[in-house]
Structures are given as structure tokens and as C-alpha cells.
Amino acid sequence: MKLKVEKLIKKFKSTIAVNSISFEIEKNTTLGLLGPNGCGKTTSIGMMLGLITPSSGKIYIDNIYFEPKNRIQLLSLMNFASPYIELPKKLTVKQNLEVYARLYGVTKIKERVNEMVEDLNIQNFLYKKTGELSSGQKNRVALAKSLINKPKLLFLDEPTASLDPDVGDFVRQYIEKYKKNNELTILLASHNMKEVERLCDKIIMMKHGEIVDSGTCDQLIKKHGRENLEETFLKIARSKNEL
Amino acid sequence: MNFNKIFALSLRHVYLIKGSFPRILDLIYWPTIQIFLWGFISKFFTLNSSYFENTVGIILSAAILYDFLFRSSISYNMMFLEEIWSRNFTNLFIAPIKISEIITALTITAIFRTLIGLIPAALLAIPLFGVSIFKIGIPLILLLITLYIFGVTLGLLVTSGLIRFGPSFENIAWASLFFLAPLGCIYYPIDILPEWLRIIAKLLPLVHIFEEMRNILIHDILNYYQIFKAIIISLIYFIFGIVIFYLSYEGAKNRGTLINMGE
């Protein structure tokens, strides 16, 4: 699924949170959305998910203009995972996955839930209440929920934040494996530069609501004369003028 | 509308209630307390006043019906608040569900929560005070439907506020019904109100419902015109509530408050 964003602007009263950003994500590729806190990443993702109405600009998903009348059709092909949102804590993992499978119109619910449970090693805590899980377990359940409808376009907001290196690596490995075997386009917002280097085909850097640079990791590192993406990120984030 | 999705939204709340005994107890506890409280107050009035021969019956029936209204509204709000408290709000609004499906699911599920509270309380009143609201007969169903529509409407308006203003609007959710109680003429006839307030009170379906309840219980008179008037007024408010909900949703999307709404 291809995602195209055209001159997207979001103003909150006098504040411009996102200032005319344009980019494209080719089908089955992963785009990294980087930038310091408050640079407009979450607002941009919110607009692409239909949670925030843009002040102006357009979003196309597979050349279909994302507007209220085709919101349901497009949302059923997308999904989202973030450590900052959770699933109902009092429901068991199984109940949550079943509810979301139904909400996304999954036809063979039992089969799909079992598939996700097996793939993400959820068996041991399937009947536990979601609120009683550890961060690593919660993260795997959130990932299972985000893939329950076999999305064609997936938004991941810091998918490995607050995870220990082992679980973090498991999640990254799983995303890589899943992408290899399924048709999936990913937009990944992350502060973990190693993760971005490993998962993303291309990245865009945002600052003060604008895209200040874009390219592959190697291209950006080379362009800014740094040794790795972390240093490149710091250079861009700390520079006073636009690059 | 997709009934499987409506079922899924309801199922989430059924799982929640089913899995928590304290929640079930809480649903039953307050209506039962109301019955005890008003039962004893009315018994005292009966012994010390000659105003109504059937004070206990009138006041207790009013308390049960008012509690039904209260529970239906609170149930609606609670289900919405659960989504905010559990930080599930964003997940819900990025799922391919229509707003009409959310409203329908909340409306259907609220009735279960409300009935879990009402039925034990109404049954308890029979052996304890010899009062049965079922004596109202068939019109009781119409009165309950009207109260339910109005209760859900209040729920819709409060949830619209939650979407618009965020969790800080929570306190209004609890207080909303107390604003209307004095004007609803629940425990007294409308004639008690000053004339200018009667005009406002008549704009609420509550006055017509509780007047009709008293007519049935005291005078054994049934006026379907009053009941249908109450239903029509409730439906008008309900449509108004839906419009406000849609406006709040669009407003929240403009302000960006749907993302990361939580405790």
C-alpha cells in the first residue's frame, strides 16, 4: 500500500504544529519519521490515521483520497501501535484480541487470534488481564492487536520504547520477519537510531513541524559528515537554522 | 451499520462486567440503598401524614424510576469513561467503526448495566415494603422506555463533553442528573413549582413521566397522550444529543484531542 502526503498543515490556534509536509512511502517499504520531541511527528501520524483533521493538505492511500466518506474502508486496511496507548486493562489478552478482531471485521477470528498468539509467543499469558502484564508482554500484545487485521499500512510509534534489549530485539526481529512474509508498508516513528537503521528503507527528519531532510540512512550520514545516524540526528536537532 | 462491530463494542463491556464481581455489586448496591432509604422515609411519612394513603408506594415507585433514569445515564457515561481511563480511546477511534455504531453499542450495552441494578431493587421493594412498580402494568414499559431514551440522551451529552473537554469533564458526568432532579418533579406534583418554573419543567419529559406515574398509582387513570408526549420530547432530545455528539467528535478532531486522551 502506498502512502502519499501532500502539503499537510495543522494549525492549533496560533501554533503551527505541522507545516506543509509532503512525502511518499512506496508499497512494502518502511519509512522512518524522526525528529526531536514536539516536532510534529504525533500530529502527523494522527492526521494520517484520521484522528486529527488537517488544516489543509491531502493524504492519499493507494491513490485514494483519505476523507470521511472512505474512512472506514481505509482504516480497515491500516493499524497502529504505540506504547502511549493501551488496551482495556481489565480484559484478558484473549478477550482484547477477540474484540479487536471483530472491530476490524476479521472473518476467521479464532484462527487469526491463534496465529498471532503463536507468532508472538503470547500463549503463557493469554488468559491474564492485560493490566497485569509486564511492559514487554504488553508490547507484544499491542503488536498482535496492530496486526490482527493483516494491515497493509502500519503506523508504529516508538514500538520498542521502555523495553529491555532482549524484548526490543525480539520485536524488531518479528517486524522484519513479518514484513518479509506479508505485504506491508510501515511508517515508523522512533528515537532509537539503531532500530531506524535496521528497519527503515528511507527516513525523513522533522523539526519545528517541517521536514528538514530526507534520504536513506547512508545518504544522510554521508551528507552531514557524521559516523552514524545518532550523530546525524543530533546535528540536525541541534542546528539553529534549517539545513 | 455493522452489527458484528456493534456486538464487539458491547462484548468489551460485557467481558468487563462479567469478570468483576465488585462491578456487579456496585451496579446492584446503589439502587438497593435508594430503596431502603426512600422506603423508610416514606414509611415515616405514612405514619405521620394523611396526604397520601399510599405514600410508600408513590415515593418508592418514583425512587425506582428515577434510579432507572440515573443508572441509564451513568452506565452510558461509565462505558465511555472506561475507554478513557484504560487509555484505549485512540485504539477505538482508529478502528474502522462508524460513530453511529459506537452510539448504538453504548445504547444497547447501557440497558444491561441498568437492568442489573434495577431488577434486584424493584424485586426487593416487594417483600420489604409491599410496593411493586409492576403494579403500573403495561404503561410501565412505556415509562421505562421514555426514561431510558432520556437517560441515554443525557449520557450522550456528557460523553460529548468528555470528547470536547477531555477527562476533566468527568465531574459533570456525575452531577448532570442532579441539575435536572428538582425540575423533573420526581417526588412531588408540578403544582409545587412556581408558575414560571412550570413552563421550563414541562419542556422536560420527566415531568410528564412522573405525573403519569402518580396518576396511575393514585387515581388509577391512564393517559396515553401524556406518555406519548413524553416519548416524543425524549426523542427530540435524543436526536439533539446525537447531533451534539457528532459536532463534538468533529471538534475534537480539529483540536487534536482524540489522540493520547487518557487519565
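Looking at the overall build of chain A
Counting secondary structure elements, chain A contains 9 helices and 10 strands. Taken against the 2.2 N^0.38 rule, which gives 18 Å for 243 residues, the C-alpha radius of gyration of chain A at 18 Å falls within 12% of a compact globule. Projected onto its principal axes, the C-alpha positions of chain A cover 55 × 45 × 35 Å. Summarising the internal contacts of chain A: among those between residues at least 6 apart in sequence, 68% fall at separations of at least 24.

Some remarks on the environment of Val 5 of chain A
Relative to the elements of secondary structure, Val 5 of chain A occurs in strand β1 (residues 3–12). Residues contacting Val 5 of chain A, with those up to four places away along its chain left out, are Ile 21, Ser 22, Phe 23, Met 48, Lys 58 and Ile 59 of chain A.

Structural notes on the sheet that holds strand β9 (residues 202–207) of chain A
All names here are of chain A. Pairing within the open sheet is mixed, and its 6 strands lie in the order β6-β7-β8-β3-β9-β10. Looking along the sheet, the strands with just one partner apiece sit at the ends: β6 (78–81) and β10 (210–215). The average angle at which neighbouring strand axes cross in this sheet is 20 degrees, direction not considered. Of the pairings in the sheet, the one linking β9 to β10 comprises 5 bridges and is antiparallel in character. Along β10, the bridge assignment pairs Ile 204 with Ser 214. On top of the sheet, helix α5 (residues 135–147) reaches β6 and β7 (153–157); it is set at about 170 degrees to β6, its chief contact. Relative to β9, helix α9 (residues 229–238) is tilted by about 30 degrees, and along the sheet it contacts β3 (30–34), β9 and β10.

Overview of unusual backbone geometry
Residues and elements named next belong to chain A. Its identity as a non-glycine residue notwithstanding, Asn 28 has a phi of 60 degrees, on the positive side. Inspection of the secondary structure puts Asn 28 in the loop between β2 (15–25) and β3. Residue classification places Asn 28 among the partly exposed residues on the basis of a relative accessible area of 32%. Backbone geometry at Lys 150 places phi at a positive 45 degrees, although glycine is not the residue there. Secondary-structure assignment places Lys 150 in the loop between α5 and β7. Classification of Lys 150 by relative accessible area gives partly exposed; the value is 44%.

Here's the deal with the interface of chain A and chain B
Taken together, the 34 residues of chain A in the interface contact 32 residues of chain B. Between chain A and chain B lies a buried interface of about 3,200 Å² when both sides are counted; carbon and sulfur atoms form 58% of it. Interface area lost by chain A to chain B is led by Leu 51, Arg 102 and Leu 103 of chain A, which between them contribute 23%. The tally of links from chain A across to chain B stands at 1 salt bridge. Put simply, Arg 87 of chain B and Glu 86 of chain A hold a salt bridge, and the shortest N to O gap is 3.2 Å. At the surface where chain A touches chain B, the tally comes to 12 residue pairs in polar contact (both at pLDDT 80 or more). Of all the elements, helix α3 (residues 93–103) of chain A adds the most residues to the side of chain A that touches chain B, at 6 residues.

Concerning the domain arrangement of chain A
Residue and element names in this part refer to chain A. The domain boundaries assigned to chain A delineate domain 1 (1–77 + 151–243) and domain 2 (84–150). Placing the centre of domain 1 and that of domain 2 at their C-alpha centroids yields a distance of 25 Å. Residue-level contacts link 19 residues of domain 1 with 16 residues of domain 2. Approximately 1,400 Å² of surface area, both sides summed, lies buried where domain 1 meets domain 2, with 62% of it carried by carbon and sulfur atoms. The largest contributions to the domain 1 side of the interface with domain 2 come from Pro 151, Phe 170 and Tyr 174, which together make up 37% of the buried area. There are 0 salt bridges connecting domain 1 and domain 2. Connecting domain 1 to domain 2 are 5 residue pairs in polar contact (both at pLDDT 80 or more).

Calculation notes
- Residues numbered from 1 in each chain as written.
- Chains lettered and ligands numbered in written order.
- Predicted model: local features only at pLDDT ≥ 70, side-chain atom pairs only at ≥ 80, totals over all residues.
- Heavy atoms only, no water.
- Helix = DSSP H or I, 4+ residues; strand = E, 2+ residues; numbered from the N terminus.
- Rg over C-alpha atoms; globule rule 2.2 N^0.38 Å.
- Contact = heavy atoms within 4.5 Å.
- Pairing = 2+ DSSP bridges.
- Axes fitted to C-alpha atoms, helices over the stretch in contact; angles between N-to-C directions.
- Buried < 20%, exposed > 50% of the residue type's maximum accessible area, 1.4 Å probe, protein only.
- Buried area = accessible area lost by both parts, 1.4 Å probe.
- Salt bridge = Lys/Arg side-chain N within 4 Å of Asp/Glu carboxyl O.
- Polar contact = N/O pair within 3.5 Å; in protein donor to acceptor, adjacent residues only side chain to side chain.
- Domains from an automatic or database assignment.

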